[in-house]
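Residue-level structural notes
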Amino acid sequence: MIKAAIFDMDGLLIDSERVIMQACIAAAREIGITYTQTEYAELIGRAGPDSTRRMIEQLNGVENFNSVMQGLDARLAEHNHHFPLKPGALDLLQYYQANNIICSVASSSPTNHINHRLSQVGVLDFFSHVTSGQEVMHGKPNPDIYLLAVEKLGLNVSECIAFEDSETGARAAIAAGLKVVVVPDLQQPSNHVKTHCHQVVISLKDWLSSVNN
């Protein structure tokens with residue numbers, strides 16, 4: 001019996017990945033670098049240190065990376081780092097709350113980003129626990145963050161369901177032994193993820209519809 005739902009955040013609960021990607025591409029263009037969606041996709045779901053190392057390689061050095069990050073922060077600040085909820089997110093959280101399913105977050109983002117972004121869209125109080133990539137030594141696709149999230153809930157892995165949008169995140173949840181629902185955002189799942197996840201759905205709205213039917 002499922003007692004808890006563990007959610008990724010960026011690209012799954014909130015529509016942030018596209019905004020951040022476009023801001024990175026624009027910031028790189030300003031310093032004469034062509035940065036692509038394919039390159040950005042390599043970062044999705046990864047913990048901060050890991051994605052930073054990869055992006056430094058992509059941009060050919062720390063100086064270029066720092067310039068792009070400054071441009072990114074300036075663009076996001078214009079919108080107060082606010083990102084809208086994805087379709088069906090609020091309805092699903094309300095459904096789980098009404099049915100006594102505990103909700104938590106397991107995101108590679110820093111804790112302050114998680115709290116800020118979820119507060120901005122009014123859903124932070126739905127979550128009993130927040131687990132950040134900062135809290136584990138090995139980020140996604142390693143299972144550590146999900147194992148820690150389950151430990152915080154005081155439940156067994158078999159009692160939890162995970163929701164992910166990225167390949168990296170889905171592999172982490174699968175490796176942790178969780179039942180995984182994949183809701184693709186910028187990436188389509190690999191054959192490995194399709195084979196080992198519970199289900200792939202178009203949106204959280206579609207998942208809620210299937211649960212209700």
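You'll find the structure just up there.
Before going into details, it helps to say that this report is about the structure given with it. (Residues numbered from 1 in each chain as written. Predicted model: local features only at pLDDT ≥ 70, side-chain atom pairs only at ≥ 80, totals over all residues. Heavy atoms only, no water.)

Two numbers describe how helix 5 (residues 89-98) lies on helix 10 (residues 204-212): the axes approach to 8 Å, and their chain directions differ by 35°. Both helix 5 and helix 10 take part in a crossing whose hand is left-handed. Note on element contacts: helix 10 touches helix 5 through Leu 204, Trp 207, Leu 208, Val 211 and Asn 212, opposite Ala 89, Asp 91, Leu 92, Tyr 95 and Tyr 96. (Axes fitted to C-alpha atoms, helices over the stretch in contact; angles between N-to-C directions. Helix = DSSP H or I, 4+ residues; strand = E, 2+ residues; numbered from the N terminus. Left-handed = near helix turned anticlockwise from the far one by under 90°. Contact = heavy atoms within 4.5 Å.)

The next thing to look at is the pattern of salt bridges. A complete count under the given rule lists 13 salt bridges for this structure. Glu 159 serves as the salt-bridge partner of Lys 3, at 3.0 Å between the closest nitrogen and oxygen. Here Lys 3, found in the segment before strand 1 (4-7), pairs with Glu 159, found in the loop between helix 7 (144-153) and strand 4 (160-164); they are 156 residues apart in sequence, far enough to count as distant. Overall, the relative accessible area of 14% leaves Glu 159 in the buried class. One salt bridge connects Glu 164 with Lys 140, and the closest N-O pair in it is separated by 2.7 Å. Of the two residues, Glu 164 sits in strand 4 while Lys 140 sits in the loop between strand 3 (127-132) and helix 7, which places them 24 residues apart along the sequence. Ionic contacts of the salt-bridge type, sharing partners, join the residues Asp 15, Arg 18, Lys 86 and Asp 185 into one network. (Salt bridge = Lys/Arg side-chain N within 4 Å of Asp/Glu carboxyl O. Buried < 20%, exposed > 50% of the residue type's maximum accessible area, 1.4 Å probe, protein only.)

Moving on to the packing of helix 3 (residues 48-58) against helix 4 (residues 62-77). Running from N to C, helix 3 and helix 4 cross one another at 110°; their axes reach a closest spacing of 8 Å. Relative to helix 4, helix 3 is oriented roughly perpendicular. Every pair of crossing elements has a handedness; the one defined by helix 3 and helix 4 is right-handed. Packed against helix 3, whose contacting residues are Thr 52, Met 55 and Ile 56, the element helix 4 presents Val 62, Phe 65, Val 68 and Met 69 at the interface. Looking at the contact of helix 3 with helix 4, its residues break down into 6 nonpolar, 1 polar and no charged. (Parallel < 35°, antiparallel > 145°, perpendicular 65-115°, else oblique. Nonpolar A, V, L, I, M, F, W, Y, C, P; charged D, E, K, R; others polar.)

Our focus in this paragraph is the environment of Ala 162. Mapped onto the elements of the fold, Ala 162 is located in strand 4. By relative accessible area, which is 0% here, Ala 162 ends up buried. In the structure, Ala 162 is positioned 146 residues away from Ser 16 in sequence and 19 Å away in space, judged by C-alpha atoms. Once you skip the residues sitting within four places of it in the chain, Ala 162 turns out to touch Ile 6, Tyr 146, Ala 173, Leu 178, Lys 179, Val 180 and Val 181.

Strand order in this open sheet of 6 strands is 3-2-1-4-5-6, and the pairing throughout is parallel. The open sheet has two free edges, formed respectively by strand 3 and strand 6 (199-200), since each of these has just one partner strand. Of the pairings in the sheet, the one linking strand 4 to strand 5 (residues 179-182) comprises 4 bridges and is parallel in character. Bridging across to strand 5, Ile 161 finds its partner in Lys 179. Running at roughly 155° to strand 1, helix 5 makes contact with strand 1, strand 2 (102-107), strand 3 and strand 4 of the sheet. Packed on one face of the sheet, helix 6 (residues 111-120) meets strand 2 and strand 3 and runs near 140° to strand 3. (Pairing = 2+ DSSP bridges.)

Right, let's get into the state of the cysteines. In total, this model carries 0 disulfides according to the counting rule given. Not engaged in a disulfide, the cysteine Cys 197 finds its nearest cysteine sulfur in Cys 160; these two sulfurs lie 17 Å apart. (Disulfide = S-S within 2.5 Å.)

Of note, the amide linkage connecting Lys 140 to Pro 141 takes the cis form, showing an omega dihedral of 15°. Positioned with a positive phi, Asn 100 is a non-glycine residue whose angle comes to about 60°. Of note, Asn 100 is situated in the loop between helix 5 and strand 2. Asn 100 sits in the exposed class, given a relative accessible area of 68%.

Treat this as a map of the structure, not an account of what it does.
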